[in-house]
Amino acid sequence: MKIGLIDYDGKIPNLALMKLSAYHKARGDEVYFGSIPNDCEKVYCSVLFTWNKAKAERLRLAYPNIEFGGTGYDIEKKLPPEIDALEPDYDLYTTGEIYSRICRGIGTKKAKLKKAETIRNMGIGFTTRGCVRNCAFCVVPRKEGKLRQASEIRDIVRPGSN
């Protein structure tokens with residue numbers, strides 16, 4: 001099965017997409033990220049910001065079998081527990097892919113490539129979920145609930161990292 005993954009508006013690697021990639025690769029599916037063929041049987045798209053929801057919806061024209069997720073699309077939607085429990089596919093994002101997302105703004109190309117490489121080599125996950133505050137602008141308390149422990153540091157250390 002061909003699976004497409006679209007990180008619509010993120011700058012750093014998307015944990016949910018990395019876990020979906022790990023899930024589908026473990027099943028023997030072909031996973032495409034970045035350049036997605038039109039003949040994918042399933043396409044997942046993560047939208048982080050609500051102001052991009054309508055623009056992302058246009059992807060249905062190219063991918064009628066697309067499934068949207070992310071806080072900007074549906075604050076209630078979560079990964080199934082069996083997928084959420086997986087170790088992320090750390091090979092999904094290349095340094096070049098991350099660089100292309102962070103290359104704007106102040107700083108030299110060399111410094112930004114170094115930052116992209118640092119980001120690529122990080123472990124990604126949550127030691128806590130939720131929040132104790134209720135800031136008017138923030139969706140975290142509504143999405144995640146009260147502050148609680150989610151895992152230990154050892155659970156999110158990237159294999160092979162220092």
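Our subject is the structure listed above.
Predicted model, so just to flag it, every value in this text is computed and none were measured. (Residues numbered from 1 in each chain as written. Predicted model: local features only at pLDDT ≥ 70, side-chain atom pairs only at ≥ 80, totals over all residues. Heavy atoms only, no water.)

K.L.:
How should the pairing of strand β3 (residues 42–46) be read in this particular structure?
P.N.:
Where a strand is regular, its side chains alternate between the two sheet faces. For β3, a buried count of 4 out of 5 residues is recorded, marking the element as mostly surrounded by other parts of the structure. Direction of pairing for β3 relative to strand β4 (residues 66–69): parallel, over a ladder of 4 bridges. Each bridged residue has a counterpart across the sheet, and for Ser46 the counterpart in β4 is Gly69. (Buried < 20%, exposed > 50% of the residue type's maximum accessible area, 1.4 Å probe, protein only. Helix = DSSP H or I, 4+ residues; strand = E, 2+ residues; numbered from the N terminus. Pairing = 2+ DSSP bridges.)

K.L.:
Just to check I follow, could you spell out the sheet that holds β3 for this structure?
P.N.:
Across a sheet, paired strands are connected by hydrogen bonds in the backbone, their directions being either parallel or antiparallel. Taking strand neighbours across the sheet as the criterion, the 4 strands line up as β2-β1-β3-β4 in an open arrangement whose pairing is parallel. Taken across any chain shown, the strands that pair with only one partner, and hence form the sheet edges, are β2 (30–33) and β4. Neighbouring strand axes in the sheet, compared pairwise and without regard to direction, differ in orientation by 20 degrees on average. Relative to β3, strand β1 (residues 2–7) runs parallel, the two being bridged by 5 bridges. Of the residues in β3, the one forming a bridge with Gly4 is Val43. Contacting β1, β2 and β3, helix α1 (residues 15–26) runs over the sheet at an angle of about 170 degrees to β1. (Axes fitted to C-alpha atoms, helices over the stretch in contact; angles between N-to-C directions. Contact = heavy atoms within 4.5 Å.)

K.L.:
Sorry if this is basic, but what is going on with the packing of aromatic side chains here?
P.N.:
The relation between two aromatic rings is expressed through the spacing of the ring centres and the mutual angle of the planes. Applying the stated criterion across every chain yields a total of 3 aromatic pairs. With a centroid separation of 4.8 Å and an interplanar angle of 10 degrees, the aromatic rings of Phe49 and Trp51 are classed as stacked. Residue class for Trp51 comes out exposed when judged on its relative accessible area of 61%. Note on Phe68 and Tyr73: the rings are 4.6 Å apart at their centroids and 20 degrees apart in plane angle, and the pair reads as stacked. Residue Phe68 is classed as buried on the basis of its relative accessible area, which comes to 3%. With relative accessibility at 18%, the residue Tyr73 sits in the buried group. When the ring centre of Tyr44 is taken as origin, the NZ or CZ atom of Lys42, which lies over that ring, is 5.5 Å away. (Phe/Tyr/Trp six-rings, centres within 6.5 Å; stacked < 30°, edge-to-face > 60°. Lys NZ or Arg CZ within 6 Å of the ring centre and 35° of its normal.)

K.L.:
I keep staring at the pattern of salt bridges and nothing clicks. Help me out?
P.N.:
Tallied over the entire structure, the rule returns 12 salt bridges. Between Asp91 and Arg120 there is a salt bridge, with its nearest N and O atoms 3.8 Å apart. With Asp91 in the loop between α3 (81–84) and α4 (95–102) and Arg120 in helix α5 (residues 109–120), this residue pair connects regions lying 29 residues apart in the sequence. Overall, Asp91 belongs to the exposed group, its relative accessible area being 56%. Connected via shared salt-bridge partners are Asp7, Glu97 and Arg101. (Salt bridge = Lys/Arg side-chain N within 4 Å of Asp/Glu carboxyl O.)

K.L.:
Please clarify how the side chain of Thr95 should be interpreted in this entry.
P.N.:
Secondary-structure assignment places Thr95 in helix α4. Judged by its relative accessible area of 17%, Thr95 is buried. At 2.4 Å, the side chain of Thr95 forms a polar contact with the side chain of Glu117. Setting aside anything within four residues of it in sequence, one finds Thr95 in contact with Leu113, Ala116, Glu117 and Arg120. (Polar contact = N/O pair within 3.5 Å; in protein donor to acceptor, adjacent residues only side chain to side chain.)

K.L.:
I keep staring at α4 and nothing clicks. Help me out?
P.N.:
Residues of α4 that are buried: Thr95, Ile98, Tyr99, Arg101 and Ile102. Projected onto a plane normal to the axis of α4, the buried residues spread over an arc of 160 degrees and lie on a single side. Residues of α4 that are buried sit in contact with β1, β2 and α5. (Arc of directions from axis to C-beta.)

The quantities given are spatial measurements derived from coordinates; they are silent on function.
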